Amino acid sequence: MVPYVTHNYVVQGGPLAGPLSLPEGTRHNASSLAAALTDPDVVGVSPETCRVVSPLQDDDLLQRFSREVPPGDGLIVYWTGGRCRANLSGKLQLALPLHDDARDLWLDVEDLVEAMRGVDSPDRLLVLDTCLTANATVSDRQLSQEITRMSRQGVAVLTSVGRSPYAFAANNTGPSVFTQHLIRLLGEVADRRDPLDLKATYRMLRKAIRSDGYHAPILRNADSFSRPLVPVRNTPGSARARERWLPALRAAATVAVESCARYALAVAGAPLGGTFFNPVADATTLYDALVDTHYGFTRDTTSVLAQPPTRQRLMEAVNQVSASAENMVLIYLAGHGTVRRSSQGLDLDLHLQDDESVRASELVDWLRQSRAQSAVLMLDVCRMRPAEPVLPLTRAVLADRRAGISRLLVEWNNLAAQALEVEGGDAPRPKGSPWQLQVPESAATAEREVRWTFDFADARITVIDEAGPLEAWASRLLSRPTAVDPLVHADELLSVVAESATGPDDPEPLAEPASPPAEPVPPDTPGDRRPSRGHRRHRPRLRVAEGALPLHVGQRLDVTFNYQPQDPDRQPQEDDATDENPLDLTLYIDADTAEVAPSIIHTRLTDHGGTPPEHFRITPSTPDPVTLRIDVLRRADGAVIQSIERVLTVAGRDGSTT
């Protein structure tokens with residue numbers, strides 16, 4: 001066979017500014033891949049033809065390809081990084097490493113492809129391992145079409161880019177799912193006597209990733225790279241050599257990753273008669289939904305107890321799943337429950353078969369025995385006697401707000417990390433978490449004493465209440481902030497907020513709330529208890545004039561905010577908020593890279609009419625995307641009712657978008 005040379009450029013892209021950074025292991029994707037490529041016992045690429053590049057330190061990255069790759073040689077560019085996005089034209093952009101000012105910088109993928117086309121070579125391949133930003137509006141079909149369009153310019157494209165960030169960052173300590181599978185597969189290919197072309201290698205890669213429960217990568221225009229991906233060794237490799245990829249990962253990550261698979265157990269509690277709540281249907285629905293996500297859950301790693309188990313059977317099932325999981329373990333239980341309060345704190349009794357029960361604290365204890373990197377306990381607990389029927393979970397939407405339900409999420413990870421040091425006790429959780437319950441600094445000391453019995457240093461505990469068993473306690477529960485954010489938050493992974501319909505005469509909707517619809521009403525107080533569904537539910541809405549978006553630098557955007565009742569046909573109740581006795585609210589409005597006026601608005605809410613329209617203005621000062629945040633507070637005690645957050649695209653003065 002005629003000798004050939006292929007030049008490999010491995011590029012570590014950047015994370016985004018703020019909390020959406022990369023897990024520790026994926027920050028070393030590039031160095032891990034390069035170490036495996038140049039290891040003679042793994043892939044065996046010559047170190048002279050494999051270069052690790054950082055765009056932060058190499059301003060002329062796009063010029064290097066044509067300058068350093070001789071005519072006729074092959075070119076492979078591996079790009080891995082935290083985020084990818086699509087601009088308003090649907091063109092893909094890659095996040096660059098952060099500079100000193102910690103502002104997000106982007107590189108057009110089209111510019112990268114154009115630079116590769118500058119190489120006089122018959123074989124050019126671009127490998128992209130990243131994920132779309134959370135606010136990306138591009139559909140899966142548009143994404144596939146854009147990748148196809150780029151590949152038609154004479155460059156083969158192999159990519160894991162998709163709508164899910166969870167497939168990219170499956171592990172905290174090791175590289176991404178795609179990069180791990182690529183390293184393993186390239187080592188196997190290099191050990192073969194007969195070389196494999198890109199198409200054959202892709203088929204093997206696709207099969208391996210799908211068998212692990214993740215979305216398959218995309219390959220377009222494979223004919224633009226017809227030579228083997230790696231050089232063929234002169235002697236066949238041994239089984240020992242094929243397994244040597246793992247030390248290359250250890251060179252960049254201190255903890256070895258054994259598996260990308262995620263384990264889950266869905267449990268149905270006792271129905272306790274009646275038609276208000278069907279735990280069996282909920283557990284089965286969640287089981288199917290987890291497998292359908294393609295985030296690492298498969299039929300082999302996900303199971304369901306569709307009939308209420310005994311206490312012993314539940315413990316055995318939880319322990320079995322916990323012992324098997326290395327990446328992530330999730331336990332979900334739907335059932336009836338009651339609050340248990342003692343001198344140790346607050347707990348939940350969850351009802352099982354034959355009048356047996358299990359406490360939430362016991363489930364946490366069982367789950368903490370797992371060595372999985374991430375652990376999640378998710379409880380949907382219904383009142384024993386709900387005031388009205390509980391809407392079931394559907395296949396399309398995992399409903400977040402269900403009358404009579406208290407949802408409890410307990411999440412943590414088991415990585416060795418420094419505990420978060422907080423002076424003066426517990427700190428408030430980061431602003432903007434969709435369902436966080438905040439209690440102001442002025443809250444009474446007695447309220448601060450309400451604690452979970454299973455609260456511990458690294459736990460992230462979230463309450464989502466809709467007139468369930470925890471209704472009387474929800475506003476008083478303070479959860480300890482997590483020391484190390486769990487890799488995948490269950491609320492983000494499993495929840496979809498249904499979009500509210502916009503009438504034909506309504507202005508253009510700006511942003512729907514990031515959190516479920518709020519119930520802006522006072523909590524229960526001794527001697528003044530209200531019915532569990534005494535108040536109408538309201539939905540916040542933000543509107544702008546038609547055609548006013550996107551934002552423009554230096555140009556004012558007028559925004560209208562108000563709460564609207566969701567059930568206009570509901571009969572008035574005695575304790576409704578009325579014109580004579582309204583609920584006073586305060587809006588705190590903030591936009592990081594834009595001026596907001598006014599930033600504080602006082603308004604009044606009534607059950608029959610919601611709030612009057614309130615107006616404020618946003619004026620972007622830079623072309624960076626604007627993060628708009630609105631905190632809705634009850635003026636009586638300062639409690640946060642709802643936090644709304646959206647990222648808005650900004651167009652420059654010349655009309656270009658970021």
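In the block above lies the structure referred to throughout.
Structural notes, computed from the coordinates.

Quick notes on the rules
- Residues numbered from 1 in each chain as written.
- Predicted model: local features only at pLDDT ≥ 70, side-chain atom pairs only at ≥ 80, totals over all residues.
- Heavy atoms only, no water.
- Helix = DSSP H or I, 4+ residues; strand = E, 2+ residues; numbered from the N terminus.
- Contact = heavy atoms within 4.5 Å.
- Areas by Shrake-Rupley, 256 points an atom, 1.4 Å probe, with all protein chains shown as cover.
- Buried < 20%, exposed > 50% of the residue type's maximum accessible area, 1.4 Å probe, protein only.
- Salt bridge = Lys/Arg side-chain N within 4 Å of Asp/Glu carboxyl O.
- Pairing = 2+ DSSP bridges.
- Axes fitted to C-alpha atoms, helices over the stretch in contact; angles between N-to-C directions.
- Phe/Tyr/Trp six-rings, centres within 6.5 Å; stacked < 30°, edge-to-face > 60°.
- Expected span 1.5 Å × (residues − 1).
- Arc of directions from axis to C-beta.
- Parallel < 35°, antiparallel > 145°, perpendicular 65-115°, else oblique.
- Left-handed = near helix turned anticlockwise from the far one by under 90°.
- Nonpolar A, V, L, I, M, F, W, Y, C, P; charged D, E, K, R; others polar.
- Polar contact = N/O pair within 3.5 Å; in protein donor to acceptor, adjacent residues only side chain to side chain.

## A short note on the overall build of the chain
Looking only at helices and strands, the chain has 14 helices and 28 strands in total. Long-range pairs, those at least 24 residues apart, make up 74% of the contacts in the chain with a sequence separation of at least 6. Looking at the chain as shown, the accessible area adds up to about 28900 Å², and 47% of this sits on carbon and sulfur atoms.

## Observations regarding unusual backbone geometry
Looking along the chain, the bond that leaves Ala597 and enters Pro598 is cis, with omega of -10°. One can find Pro598 in the loop between β23 (594–597) and β24 (600–605). In this structure, Asp354 takes a positive phi of about 55° despite not being glycine. Along the polypeptide, Asp354 turns up in the loop between β13 (345–351) and β14 (357–359). The exposure class of Asp354 is exposed, given its relative accessible area of 59%. The backbone phi angle of Asp355 is positive, close to 60°, even though this residue is not glycine. One can find Asp355 in the loop between β13 and β14. Residue Asp355 is classed as exposed on the basis of its relative accessible area of 80%.

## Regarding the environment of Leu128
Looking at the element boundaries, Leu128 is found in strand β7 (residues 124–129). By relative accessible area, Leu128 is classed as buried at 1%. Separated by 90 residues in sequence, Leu128 and Ile218 place their C-alpha atoms 9.8 Å apart. With residues up to four places along the chain from it excluded, the contact list for Leu128 reads Trp79, Leu94, Val109, Leu158, Thr159, Ser160 and Val161.

## A closer look at the pattern of salt bridges
By the definition in use, this model includes 19 salt bridges. Residue Glu471 is joined to Arg383 by a salt bridge in which the shortest nitrogen-to-oxygen separation is 2.5 Å. Here the residue Glu471 occupies a position in the loop between β17 (460–466) and α14 (490–494), and Arg383 occupies one in the loop between β15 (374–382) and β16 (405–413), the gap between them amounting to 88 residues. The class for Glu471 is buried, based on a relative accessible area of 12%. Arg383 gets classed as partly exposed once you look at its relative accessible area, which sits at 24%.

## Details of the sheet that holds β24
Each strand in a sheet pairs with another by means of backbone hydrogen bonds, the pair being arranged parallel or else antiparallel. On the basis of which strands lie adjacent, the open sheet formed by 4 strands has the order β24-β22-β26-β27 and antiparallel pairing. Looking at the sheet topology across the chains shown, the edges are occupied by β24 and β27 (640–648). Between one strand axis and the next, the sheet turns by 20° as a mean value, whatever way the strands run. Strand direction decides the pairing type here: strand β26 (residues 626–634) and β27, joined by 8 bridges, are antiparallel. Of the residues in β27, the one forming a bridge with Thr627 is Val647.

## Focus on the packing of aromatic side chains
Inspection of the entire model under this criterion finds 4 aromatic pairs. Where Trp452 meets Phe454, the ring centres are 5.1 Å apart and the plane angle is 20°; that geometry is what we call stacked. The same class applies to Trp452 as to Phe454, namely buried. Relative to Tyr563, the ring of Phe561 has its centre 5.6 Å away and its plane inclined at 80°; by these criteria the two rings are edge-to-face. Accessibility assignment for this pair places Phe561 and Tyr563 in one class, buried.

## Concerning helix α11 (residues 311–324)
Taking 1.5 Å per residue, 14 residues should reach 20 Å; α11 reaches 20 Å between its end C-alpha atoms and fits that length. Residues Leu314, Ala317, Val318, Val321 and Ser322 constitute the buried set of α11. Looking straight down α11, one finds that the buried residues subtend no more than 130° of arc, so they occupy a single side. For α11, the exposed residues set more than 90 degrees away from the buried face come down to Gln320 and Ala323. Where α11 is buried, its residues contact β10 (262–268), β11 (302–305), β12 (328–342), β14 and α12 (360–367).

## Some remarks on helix α6 (residues 177–190)
With 14 residues, α6 should cover 20 Å at 1.5 Å per step; its first-to-last C-alpha distance of 20 Å lies within 8% of that length. Most of α6 sits inside the fold, with 12 of its 14 residues counted as buried.

## Focus on the packing of α6 against helix α7 (residues 198–211)
Two elements in contact, α6 and α7, have axes whose closest approach is 10 Å; the angle formed by their N-to-C orientations is 135°. Taken together, the axes of α6 and α7 lie oblique to each other. As α6 runs across α7, the sense of the crossing is right-handed. Contacts between α6 and α7 pair Phe178, His181, Leu182, Leu185, Glu188 and Val189 from the former with Thr201, Met204, Leu205, Ala208 and Ile209 from the latter. A per-class count over the contact of α6 with α7 returns 8 nonpolar, 2 polar and 1 charged.

## Describing the side chain of Asp347
By the secondary structure assignment, Asp347 is in strand β13. Within polar-contact distance, the side chain of Asp347 engages the backbone nitrogen of Ala360 at 3.4 Å.

Taken by themselves, the reported measurements are silent on function.
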